[in-house]
Amino acid sequence: MTLGHHTTTAIVLSAMIYAASVSASLSAAPDQSSANRTIWSGVFNAEQAKRGEASAGRNCAKCHSADLAGGQDGPALVGGDVLKAWDGMTVGELFDRVRTTMPADAPRSLSPQETADLVAFVLSLNKCPTGEKELPSEMDALGQIRITSQP
């Protein structure tokens with residue numbers, strides 16, 4: 001038995017549409033571990049925040065004070081107003097700001113890892129919960145984490 005031209009074409013077309021839809025859904029599906037992630041999702045770990053604390057003492061305290069509550073030459077990096085100011089932005093945007101402008105007397109002198117550690121420390125001071133993994137230093141991953149002023 002042979003199939004008619006229209007039947008064969010319909011079967012091939014259906015198979016192509018099905019294959020394309022499966023392929024598109026697989027490539028477009030976000031990684032569930034990063035979908036809807038916020039700073040309240042445990043995006044850094046305690047060890048990383050501790051490294052960030054040491055780095056802050058060397059690089060940030062002179063302007064922002066030892067507790068990062070603000071100093072004569074730098075604004076507070078801790079408190080509800082800080083998170084409100086960054087609300088709706090991404091950790092990638094915060095990371096980029098720190099990486100390209102800080103410390104004020106030596107912009108761009110921090111490595112990507114040191115910048116990620118500092119951001120983790122700032123998040124910890126703002127009472128964001130720790131998780132198991134470190135905050136990454138890659139912009140693509142950081143751009144998927146939203147800053148929200150409240151959990």
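Let me begin by describing the structure that accompanies this report. (Residues numbered from 1 in each chain as written. Predicted model: local features only at pLDDT ≥ 70, side-chain atom pairs only at ≥ 80, totals over all residues. Heavy atoms only, no water.)

## Regarding the pattern of salt bridges
Thinking step 1. This model, assessed by the stated rule, comprises six salt bridges.
Thinking step 2. Salt-bridge contacts for Glu-47 lead to Arg-51; the nearest nitrogen and oxygen are separated by 3.6 Å. In this pair, Glu-47 and Arg-51 both sit in helix 2 (residues 46–59), four residues apart, roughly one turn of the helix.
Thinking step 3. Taking the relative accessible area as the measure of exposure, Glu-47 reaches 55% and is therefore exposed.
Thinking step 4. By relative accessible area, which is 29% here, Arg-51 ends up partly exposed.
Thinking step 5. Each of Glu-47, Arg-51, Asp-117 and Glu-134 takes part in salt bridges that share partners, so that together they form one network. (Salt bridge = Lys/Arg side-chain N within 4 Å of Asp/Glu carboxyl O. Helix = DSSP H or I, 4+ residues; strand = E, 2+ residues; numbered from the N terminus. Buried < 20%, exposed > 50% of the residue type's maximum accessible area, 1.4 Å probe, protein only.)

## Focus on helix 5 (residues 91–101)
Thinking step 1. Residues of helix 5 that are buried: Val-91, Gly-92, Leu-94, Phe-95 and Val-98. Looking straight down helix 5, one finds that the buried residues subtend no more than 160° of arc, so they occupy a single side.
Thinking step 2. Elements in contact with the buried residues of helix 5: helix 4 (80–86), helix 6 (112–125), helix 7 (139–142) and strand 2 (145–146). (Arc of directions from axis to C-beta. Contact = heavy atoms within 4.5 Å.)

## A word on the packing of helix 2 against helix 6
Thinking step 1. With their axes 7 Å apart at the nearest point, helix 2 and helix 6 run at an angle of 100° to one another. Considering the angle they form, helix 2 stands roughly perpendicular to helix 6. Residue-level inspection shows Gln-48, Ala-49, Arg-51, Gly-52, Glu-53, Ser-55, Ala-56, Arg-58 and Asn-59 of helix 2 in contact with helix 6, the latter providing Gln-113, Glu-114, Ala-116, Asp-117, Leu-118, Ala-120, Phe-121 and Ser-124. (Axes fitted to C-alpha atoms, helices over the stretch in contact; angles between N-to-C directions. Parallel < 35°, antiparallel > 145°, perpendicular 65-115°, else oblique.)

## So, the layout of surface pockets
Thinking step 1. The computed volume of the largest pocket comes to approximately 550 Å³.
Thinking step 2. For the largest pocket, the lining is made up of 28 residues, of which His-64, Leu-77, Leu-94, Val-98 and Met-102 are closest to its centre.
Thinking step 3. When residues of the lining of the largest pocket are traced back to their parent elements, those giving at least two are helix 3 (61–64), helix 4, helix 5 and helix 6.
Thinking step 4. Of the residues assigned to the lining of the largest pocket, the class counts are 19 nonpolar, five polar and four charged. (1 Å grid on protein atoms, 1.4 Å probe; cavity = no way out; pocket = protein on both sides within 12 Å on 5 of 7 lines; lining within 4 Å. Points joined across faces, edges and corners; volume = space filled by probe spheres on them. Nonpolar A, V, L, I, M, F, W, Y, C, P; charged D, E, K, R; others polar.)

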